[in-house]
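Reading the structure
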Amino acid sequence: MAVSKCTRLNGPLIKQMLDSVDSVLFDCDGVIWRGDQAIPGAPDVINLLKKNGKNVFFVTNNSTKTRKMYADKLALMGFNATEDEVFGTAYCSAMYLKNVSRLQGKVYLIGSNAMRQELEKVGIQQTGVGPDPISGVQIDWANVPLDPEVKAVVVGFDEHFSYMKLNRALQYLNNPDCLLVGTNTDTRLPLEGGKAVPGTGCILKAVETAAQRQAQTVGKPNHFMYDCVASQFSLDRTRCLMVGDRLDTDILLGSNCGLKTLLTLTGVSTVADAEAHQESGCPKRLGMVPDYYVESIAELLPALQG
Amino acid sequence: MAGLVSSRGCHKIRGSQIRELLDSKLNVLFDCDGVIWNGETVVAGAPEVVTLLKQQGKKVFFITNNCTRPRASYVTKFIRLGFTDVAEEEIFSSAYCSAAYLRDVAKLQGKVYVIGCQGVVKELREAGVPIVEEDTDAPTGTIYDYPLDPDVKAVLVGYDEKFDFIKLAKACCYLQNTECLFLATDPDPWHPLRGGRITPGSGSLTAAVETASSRKATVIGKPSCFMFECIASQFNLDPGQSLMVGDRLETDILFGANCGLDTMLTLTGVSTLEEAHGYKDSDDPERKDFVPDYVVETIADFIEAYEEEEG
């Protein structure tokens, strides 16, 4: 694993670094777009990387879109990308349940329609998606009818999250054999138009607290998302670069998987944040120090065009 | 026979031992769920115990994290379950104490944004604390766009069966202002009903708001001391002469330890004797405060303690 040095990437170092990798994994929010606006220069970066023979993948903790929806969004913004290059947590959670948990049964889902679609694509039925208003009294809530085929509670971003959904999840989780899987722990979700709302992490925390147990999370920084990409494309991790805007998810994922890491400053984390982790000397925090950083991925353009 | 604060003994006591302990105390504070009742079922003998203690000249208080009823409604429940002499002033719920905190301690100048059931809202109204209440039957706005009240100076989170994403988003927005207070009625992750059933508690909703806002709530309910301070300020209680009786080690017993009270675990509720011994045998010094001084099978054992003397 490269020693994390938090080096400003510029000049000949850019080309040198790009020549040392075959595959580039990009986070999306705050890296290649903000809401529905592409980061200036980002489409050219992605398209030139591909032209130069690099593999490009998109790895996002956002569970609100299917791979197809992401591919459509990418195309609309001028990115030359295909569905199988996209790895969002809706898709990856479905893959996790199918291939790692080997789930035999249904899912109680607190999540989006996108999650429902990705689950159905791998043959997993769900119950629970959509609004779920409360009625009756307390003892009714404790006695909600449970589908005996449900073997896992899965939590992703859900704008319809409610007490009743939290309650149903708790009742299912009373069975210690019922799995609890979360898409990610991000506390904020960026929306189109630049606003942000509470993220999946808040919903997951409510479920974990009520049920008094920890979820298995699929998204960054857990290595599963890298494993998912690697299982479908042959990757040499020593020749892979992870590009992200968050030290605690993107960069940590990169470190956990032995990839090179590049922080871009068009999103959440700052250089000061990275330096604070570096100076802490704390082993747990050193994984959040990127190898390199740039102001924006557009800074890679001259080296790609030249 | 009072236990030393530094070496809580977890002694199971009966008969004259209970009598001796009670004779040394002026005040007895009872948790409710799992101690004097379980849901709608009274713990056999509990009403007689309360009457007996009052006859012996003790002050008796009921201190509960359960914020789903206003005090007046608790009085009705007490009567319904056979308690004949419980007054509203003796009942301290986390909802009542949260309202008291906002009015008397925080001296709030402004409104409270409430995530809470009617039990919470009614106590705030009774205390005269101005509130902004979410009307989930006629929601204003969506998660993308919602109105905020400029007079909100505090957010209070309690048990709320109508909790939804918009409430979470609004609370998070209000809490971006570091001057805005952040209170939680109680930390209980789940709320016990009869028959061992549970529903999500205030603690799970508070955890969501804490995660969204990156702030920690000030918790009013047990094990925080505020509820004891609330009672003590009204009734002039000496902690050294007070006994806390509860069924949950992590709330009631820890509360007692935090406030300098002797503590008694009753086994008619959540925690077991094994769990208490587990904390006692633990190497972790922080676990010592979860160990009760005394343990009884049921508070009904108090009756026998007095009968023995007389017999």
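Worth saying up front: this structure is predicted, and the values here are computed from it rather than measured. (Residues numbered from 1 in each chain as written. Chains lettered and ligands numbered in written order. Predicted model: local features only at pLDDT ≥ 70, side-chain atom pairs only at ≥ 80, totals over all residues. Heavy atoms only, no water.)

1. Overview of the UniProt feature "binding site: substrate" (unreviewed entry) in chain B
The UniProt entry lists H191 and K222 of chain B under the feature "binding site: substrate" (unreviewed entry), expressed in the numbering used here. Spatially, the listed residues are clustered: although they cover 32 residues, their C-alpha atoms lie within 13.7 Å of one another. Checking the annotated residues one by one, the ones that line the largest cavity turn out to be H191 and K222 of chain B. Those residues in contact with H191 of chain B, other than ones at most four positions away along the chain, are Q138 of chain A together with N66, T68, Y159, R197, I198, T199, P200 and G201 of chain B. Residue placement: K222 of chain B occurs in the loop between strand 13 (218-219) and helix 8 (226-235). (UniProt positions renumbered as here; feature names shortened; annotations may be inferred. 1 Å grid on protein atoms, 1.4 Å probe; cavity = no way out; pocket = protein on both sides within 12 Å on 5 of 7 lines; lining within 4 Å. Contact = heavy atoms within 4.5 Å. Helix = DSSP H or I, 4+ residues; strand = E, 2+ residues; numbered from the N terminus.)

2. Here we look at the interface of chain B and chain A
Of the residues lining the interface, 30 residues belong to chain B; the matching set on chain A comes to 31 residues. Contact between chain B and chain A buries roughly 2700 Å² in total, counting both sides, with carbon and sulfur atoms accounting for 68%. Its largest share of buried area at the contact with chain A, chain B owes to Y144, F165 and P200 of chain B, together 23% of the area lost on that side. In this assembly, chain B and chain A are joined by zero salt bridges. At the junction of chain B with chain A, the criterion picks out ten residue pairs in polar contact (both at pLDDT 80 or more). Only helix 6 (165-174), strand 11 (190-192), strand 12 (198-200) and helix 7 (202-213) of chain B provide two or more residues apiece to the side of chain B that touches chain A. Counting residues per element, the side of chain B that touches chain A draws most heavily on helix 7 of chain B, at seven residues. Class assignment of the residues belonging to the side of chain B that touches chain A gives a composition of 17 nonpolar, six polar and seven charged. (Buried area = accessible area lost by both parts, 1.4 Å probe. Salt bridge = Lys/Arg side-chain N within 4 Å of Asp/Glu carboxyl O. Polar contact = N/O pair within 3.5 Å; in protein donor to acceptor, adjacent residues only side chain to side chain. Nonpolar A, V, L, I, M, F, W, Y, C, P; charged D, E, K, R; others polar.)

3. Things to note about the packing of aromatic side chains
As enumerated under the stated definition, the model contains 24 aromatic pairs over all chains in all. Pairing Y96 of chain A with F224 of chain A gives two aromatic rings, centres 5.1 Å apart and planes at 85°, and the pair type is edge-to-face. One end of the pair, Y96 of chain A, is in helix 4 (residues 89-100); the other, F224 of chain A, is in helix 9 (residues 224-232), and 128 residues separate them in sequence. Look at F224 of chain A and you get buried, because its relative accessible area is 10%. Ring centres 6.4 Å apart and planes at 40° place the aromatic pair F30 of chain B and F302 of chain B in the tilted group. With F30 of chain B in strand 2 (residues 27-30) and F302 of chain B in helix 11 (residues 301-310), the pair connects residues that are 272 residues apart, well separated along the chain. Each member of the pair, F30 of chain B together with F302 of chain B, is buried. Across the ring face of F92 of chain B, the terminal group of R71 of chain B is positioned such that the distance to the ring centre comes to 5.7 Å. The aromatic ring of Y96 of chain B is capped on one face by R71 of chain B, whose charged end is 3.6 Å from the ring centroid. (Phe/Tyr/Trp six-rings, centres within 6.5 Å; stacked < 30°, edge-to-face > 60°. Buried < 20%, exposed > 50% of the residue type's maximum accessible area, 1.4 Å probe, protein only. Lys NZ or Arg CZ within 6 Å of the ring centre and 35° of its normal.)

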